[in-house]
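Letter by letter, the chains look like this.
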Amino acid sequence: MKAIRCKEYGPPSALVLEEVPEPVPKENEVLVQVKACGINYPDTLIIQGLYQIKPELPFTPGSDVAGIVTAIGEGVKHLAVGDPVFGFVPYGGLAESVVVPATACFPKPDKMDFTVAASFMMAYGTSYHALKDRARLREGETLLVLGASGGVGLAAVELGKQMGARVIAAASTDEKLELCREYGADLLINYHQTDLKATLKELTGHKGVDVIYDPVGGDYTESAFRGIAWEGRFLVVGFAAGSIPKIPLNLPLLKGASLVGVFWGAFAMKHPKQNMQNALTLMQWFEEGRLNPHIHRVYALEQTPQALEEMMARKVRGKVVVSI
Ligand SMILES: NC(=O)c1ccc[n+]([C@@H]2O[C@H](COP(=O)([O-])OP(=O)(O)OC[C@H]3O[C@@H](n4cnc5c(N)ncnc54)[C@H](OP(=O)(O)O)[C@@H]3O)[C@@H](O)[C@H]2O)c1
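Right, let's talk about helix H3 (residues 121-134) for a bit. For H3, the buried fraction is high: 12 of the 14 residues fall into the buried class. Three or more residues of H3 are buried, namely Met121, Met122, Ala123, Tyr124, Gly125, Thr126, Ser127, Tyr128, His129, Ala130, Leu131 and Asp133. Looking one or two places after H3, you find Arg136, whose phi comes out positive at around 50°.

This brings us to the sheet that holds strand S9 (residues 166-171). The parallel open sheet is built from six strands, whose spatial order is S10-S9-S8-S11-S12-S13. The open sheet has two edge strands, strand S10 (187-190) and strand S13 (258-261), and neither has a second partner. Sheet twist, expressed as the average angle between the axes of neighbouring strands with direction ignored, equals 20°. Packed on one face of the sheet, H3 meets strand S8 (142-145), strand S11 (209-214), strand S12 (228-236) and S13 and runs near 150° to S11. Against the sheet, helix H4 (residues 151-162) touches S8, S9 and S11, its axis set at about 170° to S8.

Among the 26 residues in the neighbourhood of the ligand, the closest are listed as Ser172, Lys176, Tyr191, Trp264 and Arg314. With respect to the ligand, the side chain of Lys176 contributes an N or O atom lying 2.7 Å from an oxygen atom. Residue Tyr191 places a side-chain N or O atom 2.5 Å away from an oxygen atom belonging to the ligand. Protein coverage of the free-state accessible area of the ligand, which is 900 Å², stands at 92%. Of all the secondary-structure elements, those providing two or more residues to the shell around the ligand are helix H1 (41-46), H3, H4 and helix H11 (304-312).

Turning our eyes to something else, we now look at the packing of H3 against H4. The contact between H3 and H4 brings their axes to 8 Å, and the two run at 55°. When the interaxial angle is binned, H3 and H4 end up oblique. Where H3 crosses over H4, the two elements pack in a sense that is right-handed. In this structure, H3 uses Met122, Ala123, Tyr124, Thr126, Ser127, Tyr128 and Leu131 to contact H4, whose residues at the interface are Gly151, Val152, Ala155, Ala156, Glu158, Leu159 and Gly160. Of the residues contributing to the contact of H3 with H4, the split by class is nine nonpolar, four polar and one charged.

What follows is about the nonpolar core. Judged by nonpolar contacts, the single largest core of 53 residues is most densely connected at Phe86, Leu131, Leu143, Tyr213 and Leu235. The leading source of residues in this core is H3, at seven residues. The contact partners of Leu131, leaving out residues within four places of it in the chain, are Arg136, Leu137, Leu143, Ala156, Leu159, Gly160, Met163, Val211, Tyr213 and Leu235. Core analysis: the second largest hydrophobic core is formed by 32 residues, Ile47, Leu301, Leu308 and Met311 among them.

Structurally, Thr304 can be placed in helix H11. Residue class for Thr304 comes out buried when judged on its relative accessible area of 0%. Residue contacts for Thr304: discarding those within four places in its chain leaves Ile4, Leu94 and Val322.

Rules behind the numbers
- Residue numbers here run from 1 along each chain, matching the order of that chain's written sequence.
- Where totals are concerned, whole chains, interfaces and linings use all residues; where local detail is concerned, this predicted model gives features only for residues with pLDDT of at least 70, and gives and counts side-chain atom pairs only at 80 or more.
- Excluded from the side-chain calculations are hydrogens and water; all other atoms, namely the structure's heavy atoms, are used.
- Buried means the residue's accessible area, taken with a 1.4 Å probe over protein chains only, is under 20% of the maximum for its type, while exposed means over 50%, and partly exposed covers the values in between.
- Strands are runs of DSSP state E lasting at least 2 residues, helices are runs of H or I lasting at least 4, and numbering of each runs from the N terminus.
- When DSSP finds at least two bridges between two strands, those strands are taken to pair.
- Fitting a line to C-alpha atoms yields each axis, with helices limited to the stretch in contact; the angle taken between N-to-C directions then spans 0 to 180 degrees.
- Contacts are residue-level and defined by heavy atoms, with any inter-residue pair within 4.5 Å sufficient.
- Near, as used in this document, describes a residue that has one of its heavy atoms within 4 Å of the molecule or strand being considered.
- Here a polar contact is recorded for every N or O atom pair within 3.5 Å, except that within protein the pair must consist of a potential hydrogen donor and a potential acceptor, and residues adjacent in sequence are included only if both atoms are side-chain atoms.
- Working definition of accessibility: Shrake-Rupley area with a 1.4 Å probe, residue cover restricted to the visible protein chains.
- When an angle is under 35 degrees it counts as roughly parallel; over 145 it counts as roughly antiparallel; between 65 and 115 it counts as roughly perpendicular; any other value is oblique.
- Crossings are sorted by hand: turned counterclockwise from the far helix by less than a right angle, the near helix makes the crossing left-handed, and turned clockwise it makes it right-handed.
- Amino acids are sorted into nonpolar (Ala, Val, Leu, Ile, Met, Phe, Trp, Tyr, Cys and Pro), charged (Asp, Glu, Lys and Arg) and polar (every other residue, Gly among them).
- Take the buried residues of types Ala, Val, Leu, Ile, Met, Phe, Trp, Tyr and Cys, join any two whose side-chain atoms come within 4.5 Å, and each joined set is a nonpolar core.

That is the geometry; function is a separate question.
Next comes the structure, spelled out in structure tokens:
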């Protein structure tokens, strides 16, 4: 089968398209013929050797897959050969076939095409877990989303609205913010042009924001934290800006606030039943038309390096997907 291979840690241009043997599913695994693979920011990190997981070289990147089950390992009950599915793997998805653990593989709703299915799990799975399980976001609360037009960010905007919050979207361009407005954001902040802390105080009548969702890091983190409300929850989701911020610990003390880590991949492995329940809720909301993933662009498998480069250049709004 054809697969994108990372043979040495480096930029997307170092990736190569190669023929490799098709994998074989073991117990509680399924083999999926991949129709589409969504690109996520961690894919840009894993190929550079900068992610939490450092696979042995050479390896195939790609996590968010959608396709057809072509073989099942022993013990798999809820899936059969021929089922259209979508699922999640730590890496291996940018290939014609991939082995997926059965607990991380879900029947694809009929209404969802393969491109949308491949853009769904990581973005919505992460943001729903963050807002529901980690922040315990309540109806009527204020939610600030940084990097709000990105993959996990836009999902957080949409989910925040579904959960009854007043959503403030923050992003670097007015074009990106316009998309956030279309996805339900009540208030918009261009953080390239305005000071986050001062604007947050102004927008919340000096009360501050109840929940902050931060997939960006860098200088934005402290500035946003300074605009948090009493007993606010600050969700540490990622560091797309490149640097891991250090926060003075007097800030959470003064606000009685919590710094809350979010690691959806580890949660999904440690609590597969709870993750499955979250996924079922998200699929139901999708089928009811309450969630509408935004696809920025679809690439062919051999164009994977361009897809990753576009994301690293901060040009993507919503999701980019590779069609296979
Ligand atoms: N904790 C978890 O479980 C989990 C799960 C999935 C993803 N993540 C993390 O969440 C972050 C976002 O992932 P994603 O897939 O949503 O990525 P994405 O679609 O590329 O979104 C990232 C956003 O960050 C902002 N950004 C600021 N500086 C940037 C820079 N130097 N390069 C790129 N983007 C920059 C961009 O918005 P502006 O231009 O508007 O600033 C961009 O829209 C990543 O750090 C990823 O590792 C964490």
